[in-house]
Amino acid sequence: MAPSLLEVLPLVVVMVAGPQILSAIFLATSQQWRRNSTAFVAGAGLSITLVITVAYILGIGTVGQGGSNTTLSVIILVVLLAAMIDTYRTREEAEPPEWMGKLETASPRFSFRLGFLLLGFFPTDVLTSITVGSYLAATGARWVEALPFVFLTLFVLALPALVLLAFGERAETFLPKTRSWMETNSWIVNEVVIVFFIGLSLSNLLG
C-alpha cells in the first residue's frame, strides 16, 4: 500500500524547509523572476525524481508489508525530530548562505543548477527522497505513486512565483518584506512548522 498524501506531507516540509524555500523567495524577487523560478523548480523536479527513482530501483531498505505504514511514520518522526534539534542547535548561525546574495541577479542556468543541487543533494533532502523511493519499493507500490510527493514539493517551491503572478504589484511589495523577515527569523518558522508535523506524525503513528 502506497503512502497517502497525508502521510508524506511532513516529508514535503522537510524537503523545502531552510535554504530551499528561501531560494524560491529570493528568485521570485530577482530580475528574471519568471525564468529563474521556472528553472529552479525544473531543476528541483529533476533531482528529486532521480533520487527517488534510484532508491526505488535499488530497493534501498527493507520494510515488511504488515508494518509498512508504522515504519514510514517512525522514519518520518525521526527525520522531523532530527531536523527540529538541528534547527534549534544552529539558530544563532541561521543566516542565509553568502551565495544567496547573488540570487537577485541570477541567470536561469544558475537557478536550474541551484534547484538541482539543493533538492537533490542537500543532506535532509537526499534522506527524504531515499525514504520515499525505498518505501514504495519495499511495499510493492508502483513508482508512479511517488509523483504526488514530487508534485506537492514542487508546488510549495513554486508558491512565491505563483503569488507574484496572482497578486502582481501587491506581491512585489509583500515578497521582499517576507524575504527580509525570513532572513532573520527563518529558524523560528522552521521550528513551528516542524513541531506541527511532528504532532501530525504522532497522530498517524498512534491512530
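Under an unreviewed UniProt entry, the name given to the protein is GAP family protein, and the organism recorded is Halohasta litorea.

Asker: Explain the overall build of the protein to me, using residue names and the numbers behind them.
Answerer: Summing up its helical and strand segments, the protein has 8 helices and 0 strands in all. Scanning the protein from its N terminus toward the C terminus, one meets helices and strands in the order α-α-α-α-α-α-α-α. Within the span of the protein, comprising 207 residues, buried residues form 45% of the whole. In the protein, of all internal contacts separated by at least 6 residues, the share reaching a separation of at least 24 is 88%. Carbon together with sulfur atoms contributes 67% to the accessible area of the protein, which is approximately 10500 Å² in total.

Asker: Describe the environment of Ile130, listing the residues and the values that go with them.
Answerer: Structurally, Ile130 can be placed in helix H6 (residues 123-138). Residues Ile130 and Ile48, spaced 82 residues apart in sequence, show a C-alpha to C-alpha distance of 9.3 Å.

Asker: Could you give me a rundown of helix H7 (residues 147-167), with the residues and numbers involved?
Answerer: In this model, H7 (21 residues) spans 28 Å end to end at C-alpha, consistent with the 30 Å of a helix rising 1.5 Å per residue. At Leu159, H7 shows its strongest bend, of approximately 50°, with the proline Pro160 following within four residues. For H7, the full list of buried residues reads Phe149, Val150, Thr153, Leu154, Leu157, Ala158, Pro160, Ala161 and Leu164.

Asker: Could you give an account of the UniProt feature "transmembrane region" (unreviewed entry) in the protein, with specific residues and numbers?
Answerer: Here, the residues flagged by UniProt with the feature "transmembrane region" (unreviewed entry) are residues 6-27, 39-58, 70-89, 110-137, 149-167 and 187-206. Along residues 39-58 the backbone is 100% helical and 0% strand, and the end-to-end C-alpha distance reaches 29 Å. Spanning residues 149-167, this segment combines 100% helix with 0% strand, and its end C-alpha atoms are found 27 Å apart.

Asker: Explain the packing of helix H2 (residues 19-28) against helix H5 (residues 108-121) to me, using residue names and the numbers behind them.
Answerer: One can describe the packing of H2 onto H5 by two numbers: an axis separation of 10 Å at closest approach and a directional angle of 165°. The orientation of H2 relative to H5 falls into the category roughly antiparallel. Crossing of H2 against H5: the hand is left-handed. For the pair H2 and H5, the contacting residues are Pro19, Gln20, Ser23 and Leu27 in the first and Ser111, Leu114, Leu118 and Leu119 in the second. Broken down by class, the residue content of the contact of H2 with H5 amounts to 5 nonpolar, 3 polar and no charged.

Reading guide: rules and limits
Residues numbered from 1 in each chain as written. Predicted model: local features only at pLDDT ≥ 70, side-chain atom pairs only at ≥ 80, totals over all residues. Heavy atoms only, no water. Helix = DSSP H or I, 4+ residues; strand = E, 2+ residues; numbered from the N terminus. Buried < 20%, exposed > 50% of the residue type's maximum accessible area, 1.4 Å probe, protein only. Contact = heavy atoms within 4.5 Å. Areas by Shrake-Rupley, 256 points an atom, 1.4 Å probe, with all protein chains shown as cover. Expected span 1.5 Å × (residues − 1). Bend = angle between axes of the 7 residues up to and from the residue. UniProt positions renumbered as here; feature names shortened; annotations may be inferred. Axes fitted to C-alpha atoms, helices over the stretch in contact; angles between N-to-C directions. Parallel < 35°, antiparallel > 145°, perpendicular 65-115°, else oblique. Left-handed = near helix turned anticlockwise from the far one by under 90°. Nonpolar A, V, L, I, M, F, W, Y, C, P; charged D, E, K, R; others polar.

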